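Chain by chain, the residues:
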Amino acid sequence: MESKIYYTKPSITEKEVAYATDAARNGWGERCYEYVGRFEALFAEHLGVKHAIATSSCTGALHMGLAALGIGPGDEVILADINWIASAAPITYLGASPVLVDVLPDSWCLDPARVEEAITSRTKAILAVHLYGNLCDLDRLFEIGKRHGIPVVEDSAEAIGSIYNGVRAGAMGTFGTFSFHGTKTLTTGEGGIWVTNDTTLFETVRTLSNHGRSATELRQFWPSEIGFKYKMANIAAAVGCAQMERIEELISRKRAIFEYYREQLDGLPVQMNPQDGLGRIHGYWMPTFIVDERIPFEREPLLDRFRSKNIDGRIFFWPLSETGHFESRHETSVSRTLSPRGVNLPSYHDITEEEMDRVVETVRECLG
Ligand SMILES: *Cc1c(COP(=O)(O)O)cnc(C)c1O
């Protein structure tokens, strides 16, 4: 059997090991949040935002951010039908409803026209998710949000390295969130971060994230409200600090991997993630192809062939409307067409050209 080609795998060097070891040995007592503070500062600086709060997951960061906007029972949050469940689940934790709308066929992200049609008097936020690092049409989403007085927030978990008109993804919305799960471009094992430029909102989330204890509260252990506990562990943050020192390397490797696949798959009847242009630079968290609609395509035989060659095949996200957990109020035909025709390609930092060639050859056998 040929060696296994994983779809993702973190890049862990001696630096990550050294920092984690130091946190495990020394990061206790008064120093128990030292790496967390450093990680928050490094990330905020990289992104160009004023405030960052490290969390145990992106799911938790979204939960707190949406709670801080006052979203609750009966409210609605608009997001794209094609998404990982983690973007939608926190909306339901608050008793609010995810309203699923269709995506654009080229970016696979929110279609602004469909967003506008879905707005009701209960709409409390538009959740822009930059799928696979592809950027949402933020200019139009912000314009719609402004006109209707609805905040636009960014779930940028997949968009580290993506830049829109010179500003990093996650730094433009009312707030942004990221994930550092082991499959993401930058990892802390499990982890996430919540970011904003809005100092008032930051104070609200800071209090929420500390079990409702305000930074200005003088009484020990006094909760001014019921909050959350989604803090990042110091040892995880130590790994994150090392990864932040390598962030440009981690991003540029993702971009190089995408470029290699794009060149090698040229000529096949597939559409890949959008290329840079129109003020957009892509982080390419996950190189992905969608097989053209004019070609008959069954994904299972391709995945079988991947398995037979010991390659991790990963399918495009399901339309959330197909999971049966949410009301489907709007038609989402683009999402439903894209999803079964989409495949993600292995793209971990240390993947070799020979390994990518094996992936390309397998794709070509199926589609050539
Ligand atoms: C990975 C991911 C999440 C979930 O992140 P966790 O850290 O696992 O909670 C949320 N949103 C998007 C877009 C993701 O890709």
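A brief structural summary. (Residues numbered from 1 in each chain as written. Predicted model: local features only at pLDDT ≥ 70, side-chain atom pairs only at ≥ 80, totals over all residues. Heavy atoms only, no water.)

### Notes on the packing of aromatic side chains
Point 1. In total, this model carries 14 aromatic pairs according to the counting rule given.
Point 2. For the pair Phe39 and Phe43, a centre-to-centre distance of 6.2 Å together with 40 degrees between the ring planes defines the contact as tilted. Within this pair, Phe39 and its partner Phe43 are both found in helix H2 (residues 34-47), separated by four residues, close to a single helical turn. Side by side, Phe39 and Phe43 carry an identical accessibility label, which is buried. (Phe/Tyr/Trp six-rings, centres within 6.5 Å; stacked < 30°, edge-to-face > 60°. Helix = DSSP H or I, 4+ residues; strand = E, 2+ residues; numbered from the N terminus. Buried < 20%, exposed > 50% of the residue type's maximum accessible area, 1.4 Å probe, protein only.)

### Details of the sheet that holds strand E7 (residues 167-168)
Point 1. Strand order across the open sheet formed by three strands is E7-E6-E11, with antiparallel pairing between neighbours. The open sheet has two edge strands with one neighbour each: E7 and strand E11 (280-281).
Point 2. The sheet contact formed by strand E6 (residues 163-164) and E11 spans two bridges and is antiparallel. Bridge pairing links Ile163 to Ile281 in E11. (Pairing = 2+ DSSP bridges.)

### Overview of the pattern of salt bridges
Point 1. A full pass over the atoms with the stated rule returns 26 salt bridges.
Point 2. Measuring nitrogen to oxygen at the nearest pair gives 3.0 Å for the salt bridge that ties Arg246 to Glu249.
Point 3. When its relative accessible area of 38% is taken as the criterion, Glu249 is described as partly exposed.
Point 4. Between Glu300 and Arg307 there is a salt bridge, with its nearest N and O atoms 3.3 Å apart.
Point 5. Looking at Glu300, the relative accessible area reads 46%, which means it is partly exposed.
Point 6. A single network of salt bridges, built from pairs that share partners, joins Arg305, Lys309, Glu361 and Glu365. (Salt bridge = Lys/Arg side-chain N within 4 Å of Asp/Glu carboxyl O.)

### Some thoughts on helix H9 (residues 247-264)
Point 1. Along its 18 residues, H9 runs 26 Å from first to last C-alpha, staying within 8% of the 26 Å computed at 1.5 Å per residue.
Point 2. All buried positions along H9 are accounted for by Ile247, Leu250, Ile251, Lys254, Ile257, Phe258, Tyr260 and Tyr261. (Expected span 1.5 Å × (residues − 1).)

### Some words on the pairing of strand E1 (residues 51-55)
Point 1. Of all five residues in E1, five are buried, a share of seventy percent or more.
Point 2. Side-chain alternation along E1 places His51, Ile53 and Thr55 on one buried face and Ala52 and Ala54 on a second face that is also buried.

### Let's talk about the site of the ligand
Point 1. Surrounding the ligand, one finds 13 residues, the nearest of these being Thr59, Asp155, Glu158, Ser179 and Lys184.
Point 2. Take Cys58: an N or O atom from its main chain is 2.9 Å from an oxygen atom of the ligand.
Point 3. A distance of 3.4 Å separates a nitrogen atom of the ligand from a polar atom in the side chain of Ser87.
Point 4. When the ligand is considered free in solution it has 380 Å² of accessible area, and contact with the protein chains removes 92% of it. (Near = heavy atom within 4 Å. Polar contact = N/O pair within 3.5 Å; in protein donor to acceptor, adjacent residues only side chain to side chain. Areas by Shrake-Rupley, 256 points an atom, 1.4 Å probe, with all protein chains shown as cover.)

### Remarks on the sheet that holds strand E12 (residues 288-291)
Point 1. In spatial order, the strands read E10-E12-E14-E13; together these four strands make up an open sheet with antiparallel pairing. Every interior strand has two partners, whereas the edge strands, strand E10 (270-272) and strand E13 (314-315), have only one.
Point 2. Judged from the three bridges that link them, E10 and E12 form a sheet pairing that is antiparallel. Within E12, the position partnered with Val270 by the bridge is Val291.

### Overview of the nonpolar core
Point 1. In terms of nonpolar packing, the biggest core is built from 32 residues, with Leu131 and Tyr132 touching the most fellow members.
Point 2. If you list the elements that add at least two residues to this core, you get strand E2 (76-80), strand E3 (97-101), helix H5 (112-118), strand E4 (123-129) and helix H6 (138-148).
Point 3. The dominant element in this core, judged by the number of residues it contributes, is H6, at three residues.
Point 4. Setting aside anything within four residues of it in sequence, one finds Tyr132 in contact with Trp108, Glu158, Asn273, Tyr284, Trp285, Met286, Thr288, Arg314, Ile315, Phe316, Phe317 and Asn344.
Point 5. Of all hydrophobic cores here, the second largest spans 29 residues; its members include Phe175, Trp194, Leu201 and Leu208. (Core = buried A, V, L, I, M, F, W, Y, C linked by side-chain atoms within 4.5 Å. Contact = heavy atoms within 4.5 Å.)

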